[in-house]
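Read off the chains here:
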Amino acid sequence: MGTLKKLELAVGIFVALGLAAFFMLAMKVSNIADLGEDKGYKITARFENVGGLKVRAPVTMGGVRIGRVVGIDLDPRSYEAVVILSIEPKYDRLPTDSSASILTSGVLGEQYVGLEPGGMDEYLKSGGSLKLTQSALVLEKLIGRMLTNAASGDKPPAKTP
Amino acid sequence: MIDGLRRLGRSTLRWFNRLGRATLFLLRLLGALAALGKRPGLIVKQLYSLGVLSLPIIAMSGLFVGMVLGLQGYANLVDFGATSSLGTVVALSLVRELGPVLAALLYAARAGSALTAEIGLMKATEQLAAMQMMAVDPFARVFAPRFVAGVIAMPLLAGIFTAIGILGGYFVAVQQLGVDSGAFWSQMQAAVRLVDDVINGVVVKSAVFGWVANWIAVFEGYDAIPTSEGISLATTRTVVNTALVVLALDFMLTAIFFGV
Amino acid sequence: MSATAPAVPIDPPDTSPLVTARGLTFHRGDRAIFQDVNLDIRRGGITAIMGPSGAGKTTLLRLIGGQLRPTAGRVEVDGACVHELGRRELYQLRKRMSMLFQSGALFTDLSVFDNVAFPLREHTRLPETLIRTLVLMKLEAVGLRGARDLMPSELSGGMARRAALARAIALDPMMILYDEPFSGQDPITMGVLIKLIRTLNDALGLTSIIVSHDVKETASIADYIYLISDGLIVDHGPPEALEHSSSAWVEQFLHALPDGPMSFHYPALPYAQDLLLARERTGD
């Protein structure tokens, strides 16, 4: 009987270790908050160019993550990229004239959508859209423009509208 | 020429014959599961020999693989100044691929081969026949508990392998190479997703691998020619076939889960 | 004798054979192992089935135990046709018979005690204290009560067989099938086993079937002997009758003569022809 008890104890420890490993993978390694994401409300933003933006990329405001990209599509008439953003419900006071830009974390990091708050008293609701957008920075275009500017005089490089 | 074709045909037929027998075997095995509910002690005993005894090799291998990933990842990322992504690199490679696959391969070598040899030996020494003559069904008493215990143990082992691997990577990156600890974890958390990476990667993959690895191991033992050569052949086949099937299935699962 | 148990009505002794085989034919691949074999195993006795190695003796036991299915003919045990039973009925029948395998077939991961307790634990819901008593009784009967904590790997061949015998009688079966119980044992162990088989048979009122090629030992305890060779029953009868058989084959087998109707040589071409053939092949 003594050996059976020891055996059961060892198996118990093994199972507990396994569950602890999964707990660590869920809590420490991955972001468990991902799970409740579907509750967010959806808004759209139109960009001329989304660059390397991917579905699931974070949406931030003031550097704080407030949602994520849930869809990227192309409007067949205007040839603009339509990006669908899912914003967490607790951030329900985004002014309607907020602007969205596609930014890059670090030099070679992933691209994400950064929101800048506007000044209106009306707030974005589900299905709303962002009017002011700034496209992704495409390196080739940037370099091309710098070269043109350098050739035509020393004006500072203008931002794309 | 004709001879070669005939040989090809014969081995193809034999292969399908074996596959058919293995499938029938699995069905009988699953049929015997119901009787197992009354005897959980049998599963506990097998969890010990398949799970607990595999723990040292799984833990050690996981640690080393994680440390190697830490070193290699650092050496490559340092050129781009992106060492803060090291946590992401280590965690994603382990969670998506290396954890479940390597744990399954190590399991086949450590526990699967032992399973085949044990059952083959029971067959060779007439223990299975003796059991049948005692009106005890070996499927319920011998095969099913081992199969179930193995299927339970595999995801747990893969989880432990992955977690220890990440800790190994953390040790090398943060303690040895001076990567920022906060960046290591936060970058990892931002990139690793619970359902898509952890559940689909570690949990689903290792459950599938556990299923086939134990099926192969138990069937090869049952199907072994009951001589010492037969058992050693069967043991080899278990390890080789499990490795091939696990890697092929891994490709398919990766294509399904992570393919574009 | 009956004075000790007056309440129990005494059945008239059942004289029908416990095991009967009629027209039993068994093929393995194209080879016929048995060809139209008929035999009857009497209740309460020790019946020996003897024949040279490879005569299919073990196969016969497996046919009786329902592990193999005959190609034709039928085998009946206690009135039930073994190979027509469903799995459940077959398992019920098997609880009443035991088989002692050549190697003993003890479970290598269980101690001697747990091996003997195995059938009790599998088939009964007896409390552990009662199981302990029963196991010690069975082990005492084979003289291994002191060896209960040993593992099978620590037992000698003879002890392993005795332990297996204790396991075989654990459920008090009506019949025990012995597969080569004497092969590879030293004379003392053989003597012990012979005595055990006879004692258990008589004390427990068993029916025993022994398959063996150890002529002298088997003949010394058997009540009835069947001799089989090449899938046929060559002769049968009580040992004394066979001793005086007129058959040359029986004579050769029982007295272990190297040559006789059973040829020393495996069937082959005439020797000289075979040698010449080889010279022709390599000569030119």
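Residues numbered from 1 in each chain as written. Chains lettered and ligands numbered in written order. Predicted model: local features only at pLDDT ≥ 70, side-chain atom pairs only at ≥ 80, totals over all residues. Heavy atoms only, no water.

Helix and strand counts for chain A stand at two helices and eight strands. Helices and strands appear in chain A in the N-to-C order α-β-β-β-β-β-β-β-β-α. Here the contacts in chain A between residues at least 6 apart in sequence split such that 62% fall between residues at least 24 apart. Surface accessibility of chain A: about 10200 Å² in total, with carbon and sulfur atoms responsible for 62%. (Helix = DSSP H or I, 4+ residues; strand = E, 2+ residues; numbered from the N terminus. Contact = heavy atoms within 4.5 Å. Areas by Shrake-Rupley, 256 points an atom, 1.4 Å probe, with all protein chains shown as cover.)

What follows covers the arrangement of the chains. The protein chains that touch form two pairs of chains, and the pair with the most contacts between them is chains A and B. The least C-alpha distance between chain A and chain C, which are not in contact, is 12 Å.

Now for the interface of chain C and chain B. At the interface, 25 residues of chain C touch 18 residues of chain B. Carbon and sulfur atoms make up 55% of the surface buried where chain C meets chain B, a total of about 1900 Å² over both sides. Per-residue buried area on chain C facing chain B is highest for Tyr 91, Phe 107 and Glu 122 of chain C; these three make up 25% of the total on that side. The interface formed by chain C and chain B includes four salt bridges. Close ionic contact of Asp 137 of chain B with Arg 87 of chain C constitutes a salt bridge, the shortest N to O distance being 3.4 Å. Connecting chain C to chain B are ten residue pairs in polar contact (both at pLDDT 80 or more). (Buried area = accessible area lost by both parts, 1.4 Å probe. Salt bridge = Lys/Arg side-chain N within 4 Å of Asp/Glu carboxyl O. Polar contact = N/O pair within 3.5 Å; in protein donor to acceptor, adjacent residues only side chain to side chain.)

Residue-level contacts link 31 residues of chain B with 24 residues of chain A. For the pair chain B and chain A, the summed buried area comes to about 2300 Å², and 83% of that belongs to carbon and sulfur atoms. In terms of surface lost to chain A, no three residues of chain B exceed Leu 156, Gln 189 and Leu 194 of chain B, which account for 26% of the buried area on that side. At the surface where chain B touches chain A, the tally comes to zero salt bridges. Counting only elements with at least two residues in the side of chain B that touches chain A, the list comes to α3 (40-50), α5 (86-124), α7 (138-176), α8 (181-191) and α9 (194-223) of chain B.

In this section: the packing of aromatic side chains. Residues and elements named next belong to chain B. Inspection of the entire model under this criterion finds 15 aromatic pairs over all chains. On the basis of an interplanar angle of 90 degrees and a centroid distance of 5.4 Å, the ring pair of Phe 184 and Trp 185 is categorised as edge-to-face. A residue is classified by how much of its surface remains accessible, and Phe 184, at 0% relative accessible area, is buried. Trp 185 gets classed as buried once you look at its relative accessible area, which sits at 11%. Ring pairs connect the aromatic residues Phe 25, Phe 139, Phe 143, Phe 219 and Tyr 222, which therefore count as one cluster. (Phe/Tyr/Trp six-rings, centres within 6.5 Å; stacked < 30°, edge-to-face > 60°. Buried < 20%, exposed > 50% of the residue type's maximum accessible area, 1.4 Å probe, protein only.)

Turning our attention to the sheet that holds strand β9 (residues 224-229) of chain C. Residue and element names in this part refer to chain C. The strand order β6-β7-β8-β3-β9-β10 describes an open sheet built from six strands, whose pairing is mixed. Two strands bound the open sheet, and with one partner strand each, they are β6 (97-100) and β10 (232-237). The mean angle between the axes of side-by-side strands here comes to 15 degrees, regardless of whether they run parallel or antiparallel. (Pairing = 2+ DSSP bridges. Axes fitted to C-alpha atoms, helices over the stretch in contact; angles between N-to-C directions.)

This next bit is on the confidence of the model for chain C. Residue and element names in this part refer to chain C. Per-chain confidence: chain C averages 83 in pLDDT, with 91% of residues scoring 70 or above. Segment residues 1-6: pLDDT under 50, and one contact once partners within four positions in sequence are set aside and those in other chains are kept. For this predicted complex, the interface score ipTM comes out at 0.83, while the overall pTM is 0.78. (pLDDT = per-residue confidence, 0-100.)

Turning to unusual backbone geometry, a few remarks are in order. Residues and elements named next belong to chain C. The phi angle at Asp 36 is positive, at roughly 55 degrees, despite the residue not being glycine. Residue placement: Asp 36 occurs in strand β2 (residues 31-41). The exposed category is assigned to Asp 36, whose relative accessible area is 52%. In this model, Asp 172 sits at a positive phi of 50 degrees, which is unusual for a non-glycine residue. Classification of Asp 172 by relative accessible area gives exposed; the value is 51%.

The next thing to look at is the side chain of Thr 207 of chain C. Residue and element names in this part refer to chain C. Considering the arrangement of structural elements, one finds Thr 207 in strand β8 (residues 207-212). For Thr 207, a relative accessible area of 3% translates into the label buried. A distance of 3.0 Å separates the side chain of Thr 207 from the backbone nitrogen of Gly 44, its partner in a polar contact. Beyond its immediate stretch of four places on either side in the chain, Thr 207 contacts Leu 18, Ile 41, Arg 42, Arg 43, Gly 44, Gly 45, Met 174, Met 175, Ile 176 and Asn 201.

With that settled, the discussion passes to the pairing of strand β1 (residues 19-28) of chain C. Residues and elements named next belong to chain C. Among the ten residues in β1, seven count as buried, and that is most of the element. Looking at chain direction, β1 and strand β4 (residues 72-77) are connected through five bridges and run antiparallel. Its bridge partner lying in β4, Arg 22 is registered against Arg 74. Strand direction decides the pairing type here: β1 and β2, joined by seven bridges, are antiparallel. Of the residues in β2, the one forming a bridge with Phe 26 is Phe 34.

The four strands are arranged β2-β1-β4-β5 (chain C) in an open sheet whose pairing can be described as antiparallel. Edge strands, defined here as strands with exactly one partner in the open sheet, are β2 and β5 (80-81) of chain C.

What follows concerns helix α4 (residues 128-141) of chain C. In an α-helix, one turn spans 3.6 residues; hence positions three or four apart end up facing the same way. Residues and elements named next belong to chain C. Taking 1.5 Å per residue, 14 residues should reach 20 Å; α4 reaches 20 Å between its end C-alpha atoms and fits that length. Looking only at α4, the buried set comprises Ile 131, Leu 134, Val 135, Leu 136, Lys 138 and Leu 139. Positive phi shows up at Gly 143, right after α4, with a value of about 75 degrees. (Expected span 1.5 Å × (residues − 1).)

To continue, consider the domain arrangement of chain A. By the assigned domains, chain A splits into domain 1 (1-30) and domain 2 (41-138). The distance between the C-alpha centroids of domain 1 of chain A and domain 2 of chain A comes to 44 Å. (Domains from an automatic or database assignment.)

This part is about a nonpolar patch on the surface. Residues and elements named next belong to chain A. Judged by side-chain polarity, Leu 137, Leu 139, Leu 142, Ile 143, Met 146 and Leu 147 come together as a nonpolar surface patch covering roughly 610 Å² of accessible area. With respect to the helices, strands and loops of the structure, Met 146 is situated in helix α2 (residues 139-152). Among the residues examined, Met 146 registers a relative accessible area of 48% and is labelled partly exposed. (Patch = residues over 30% accessible without salt bridge, like charges linked within 9 Å, V, L, I, M, F, W, Y side chains within 5 Å.)

All names here are of chain C. Relative to the elements of secondary structure, Ala 72 occurs in strand β4. Along the chain, Ala 72 and Lys 216 lie 144 residues apart, while their C-alpha atoms are 33 Å from each other. Apart from the residues lying within four places of it in its own chain, the contact partners of Ala 72 are Gly 23, Leu 24 and Thr 25.

Let's shift gears to the nonpolar core. Inside soluble globular proteins, nonpolar side chains tend to come together where they are buried. Val 29 of chain A, Ile 166 of chain B together with Met 175 of chain C are the most contacted members of the largest nonpolar core, which has 118 residues in total. Here the element with the most residues in this core is α7 of chain B; it accounts for 20 residues. Those residues in contact with Ile 166 of chain B that sit more than four places away from it in its chain are Met 24, Leu 25 and Val 29 of chain A together with Val 90, Ala 91, Leu 94, Val 95, Phe 184, Trp 185 and Met 188 of chain B. Grouped together as the second largest cluster of nonpolar side chains are 36 residues, Val 112, Ala 160, Ala 170 and Ile 176 of chain C included. (Core = buried A, V, L, I, M, F, W, Y, C linked by side-chain atoms within 4.5 Å.)

All names here are of chain B. Here helix α1 (residues 2-31) is 30 residues long and its end C-alpha atoms lie 43 Å apart, about the 44 Å a rise of 1.5 Å per residue gives. Those residues of α1 lying buried are Ala 22, Phe 25, Leu 26 and Leu 29. In the core, the buried residues of α1 are packed alongside α2 (33-36), α7 and α9.

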